[in-house]
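# Analysis of the macromolecular model
Each chain, letter by letter, is given below.
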Amino acid sequence: MNKVILMGRLVRDPEVRYSQGENALAIARYTVAVDRRFQRQGNGGDEQTADFIPCVAFARSAEFAEKYFHKGTKVLVTGRIQTGSYTNKDGQKVYTTEVIVEDQEFAESKNASQSNGSDGGFAPSNRPSPSDAGDGFMNIPEGIDEELPFV
């Protein structure tokens, strides 16, 4: 089975081209930066980096990406990995790996993406915030205990 699920942010606006011929087909190319956590040797702390995954969408998916996806948009992409190769102008063989998009969607609300820089990407909540009890556990705010199935 060849199935890929990615969640990350667009590195730049999608690049869209149209195939030639009577039935022109939209082809969108974009790169998704996907967080990768790893533990540094000897330090013991988690350090974060990203993988930059090239994606290709066709037809309606490409038109959707062109219209709605922009640099920094957090997206969820499902698809399949496709590999290929070609010979460049210097005569060297170049190998490629990309995700062929089968489905794509927004991974956060528009409000969350607009306020991403100020609040770490989390949308504000109307719920009362639990207070810290100081013992490693959070106190449950008044009125919420009716919603919990185990109280």
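Residues numbered from 1 in each chain as written. Predicted model: local features only at pLDDT ≥ 70, side-chain atom pairs only at ≥ 80, totals over all residues. Heavy atoms only, no water.

## As for the nonpolar core
The following threshold applies: The criterion is simple. A nonpolar core is a set of buried Ala, Val, Leu, Ile, Met, Phe, Trp, Tyr and Cys residues joined through side-chain atoms within 4.5 Å. Per-residue accessibility, obtained with a 1.4 Å probe over protein chains only, is compared with the maximum for each type, and a residue is labelled buried under 20%, exposed over 50%, and partly exposed between these values. In this analysis, two residues are considered to be in contact whenever any of their non-hydrogen atoms come within 4.5 Å of each other.
Residues Y30, V32, C55 and V77 are the most contacted members of the largest nonpolar core, which totals 18 residues. Setting aside residues up to four positions removed in sequence, V32 forms contacts with M7, G8, R9, L10, D51, F52, I53, C55, V75 and V77.

## Details of the side chain of T31
What counts here: Counting from the N terminus, the helices are the DSSP runs of H or I reaching at least four residues and the strands are the DSSP runs of E reaching at least two.
Within the element layout of this structure, T31 appears in strand β3 (residues 26–39). In contact with T31, other than residues within four places in its own chain, are R9, L10, V11, R12, F52, I53 and P54.

## A look at the environment of A107
Among the secondary structure elements, A107 is positioned in the loop between β6 (93–106) and α2 (110–114). Put simply, A107 and V75 are 32 residues apart on the chain and 4.7 Å apart in space, counted from C-alpha to C-alpha. Each residue touching A107, except ones within four places of it in the same chain, is listed here: M7, K74, V75 and L76.

## Re the confidence of the model for the protein
So the rule is basically this: Per-residue confidence from the predictor is given as pLDDT, running between 0 and 100.
In the predicted model, the protein carries a mean pLDDT of 81, and the fraction of residues at 70 or more is 69%. The low-confidence segment residues 118–133, where pLDDT is below 50, has 16 contacts with residues more than four positions distant or belonging to other chains.

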